[in-house]
Amino acid sequence: MADEEQELANAQRRHWQHTYTAHPGMYGEQPSAAAVHAAGVFCTVGAQDVLELGAGHGRDAVYLAREGFSVRAADFSAVGLEQLRGTAEAHGVDDRVTTALHDVREPLPLPDACVDAVFAHMLLCMALSTKEIHALVGEIRRVLRPGGTFVYTVRHTGDAHFGQGTGHGDDIYEHGGFAVHFFDRDLVDALADGWNLDEVHAFEEGDLPRRLWRVTQTLPR
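Computed from a prediction, not measured in an experiment: that's the story for all the values here.

Calculation criteria
- Residues numbered from 1 in each chain as written.
- Predicted model: local features only at pLDDT ≥ 70, side-chain atom pairs only at ≥ 80, totals over all residues.
- Heavy atoms only, no water.
- Helix = DSSP H or I, 4+ residues; strand = E, 2+ residues; numbered from the N terminus.
- Buried < 20%, exposed > 50% of the residue type's maximum accessible area, 1.4 Å probe, protein only.
- Axes fitted to C-alpha atoms, helices over the stretch in contact; angles between N-to-C directions.
- Parallel < 35°, antiparallel > 145°, perpendicular 65-115°, else oblique.
- Left-handed = near helix turned anticlockwise from the far one by under 90°.
- Contact = heavy atoms within 4.5 Å.
- Pairing = 2+ DSSP bridges.
- Salt bridge = Lys/Arg side-chain N within 4 Å of Asp/Glu carboxyl O.

Peer 1: What should I look at first to understand unusual backbone geometry in this one?
Peer 2: A cis amide bond, omega -5°, links Leu208 with the succeeding residue Pro209. Mapped onto the fold, Pro209 is located in the loop between β9 (196-205) and β10 (210-218). One non-glycine residue, Ala113, lies in the positive phi region at around 50°. Here Ala113 lies in the loop between β3 (97-101) and β4 (115-121). Unlike most non-glycine residues, Asp171 shows phi in positive territory, near 60°. Mapping Asp171 onto the fold places it in the loop between β6 (166-169) and β7 (172-175). You can call Asp171 partly exposed: its relative accessible area is 30%.

Peer 1: Explanation requested: the packing of helix α2 (residues 33-44) against helix α3 (residues 59-66) in the structure shown.
Peer 2: Packed helices, taken two at a time, are described by their axes: the angle between them and the distance between them. The geometry of α2 relative to α3 is characterised by a closest axis approach of 10 Å and an angle of 30° between their N-to-C directions. Compared by their axis directions, α2 and α3 come out roughly parallel. Note on packing geometry: the crossing formed by α2 with α3 is right-handed. Mapping the contact onto sequence places Ala35, Val36 and Ala39 in α2 and Asp60, Tyr63 and Leu64 in α3.

Peer 1: What am I meant to see in the sheet that holds β9 here?
Peer 2: Across a sheet, strands are paired by hydrogen bonds formed along the backbone, either parallel or antiparallel in direction. Pairing is mixed in the open sheet, where seven strands are placed in the order β3-β2-β1-β4-β5-β10-β9. Across the chains shown, the open sheet's two edge strands, defined by having one partner strand only, are β3 and β9. In this sheet, neighbouring strand axes are inclined to one another by 15° on average, regardless of whether the strands run parallel or antiparallel. Here nine bridges tie β9 to β10, and the two strands are oriented antiparallel to one another. Within β10, the position partnered with His201 by the bridge is Arg214.

Peer 1: What should I look at first to understand the pattern of salt bridges in this one?
Peer 2: Close approach of charged atoms lets side chains of opposite charge pair. For the structure on display, the rule yields 11 salt bridges. Taking the shortest distance from any N to any O, the salt bridge between Asp49 and Arg145 comes out at 3.4 Å. Placement of the pair is Asp49 in strand β1 (residues 49-53) and Arg145 in strand β5 (residues 144-155), with a sequence separation of 96 residues. Residue class for Arg145 comes out partly exposed when judged on its relative accessible area of 27%. Because the salt bridges share partners, they merge into one network encompassing Asp49, Asp116 and Arg145.

Next comes the structure, spelled out in structure tokens:
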């Protein structure tokens, strides 16, 4: 990793740690619309074991556990994961949720073909380079079982914040301390190479509103 990329990565980790500390449960306990959709997809394909990347303080991980899935929740914020474990215990699903402190710039700490599905809400569009995103999707492919499903969401280049704020190159722009890698459609298609690309769904979220794609892709059996 280049020095500039490492500096940005370290700054983002500190920023998220501070944010979760200052605003516990900042996104509330209701699941994201993306997680509700993913749960339906995972149920339809018969998934049981789900890996959530970028789980944060756990609103989606706990929801997926309440829907009956066994959830492995990973995030690079120890503060967020501590809040996640507390919420899981409060909802009586701590037996179905395990957590891992992990930076997705590193290989996933899991064996090959060990999960049925992977969910990542706005994780791939964090301060990751295109090379790091490709490496991460390669790792997701490795840990998924044949026929496994990957559902992710990302902000895209049609978003109002694209091209605004502090530019870090590689379509990464920083606003209010949060750095975002805005996806174009070519990147979505490239990440689906060798997969079955089932859906690219455009939607909006939040007050700006943020403009996102929800992508569903499946490994061939």
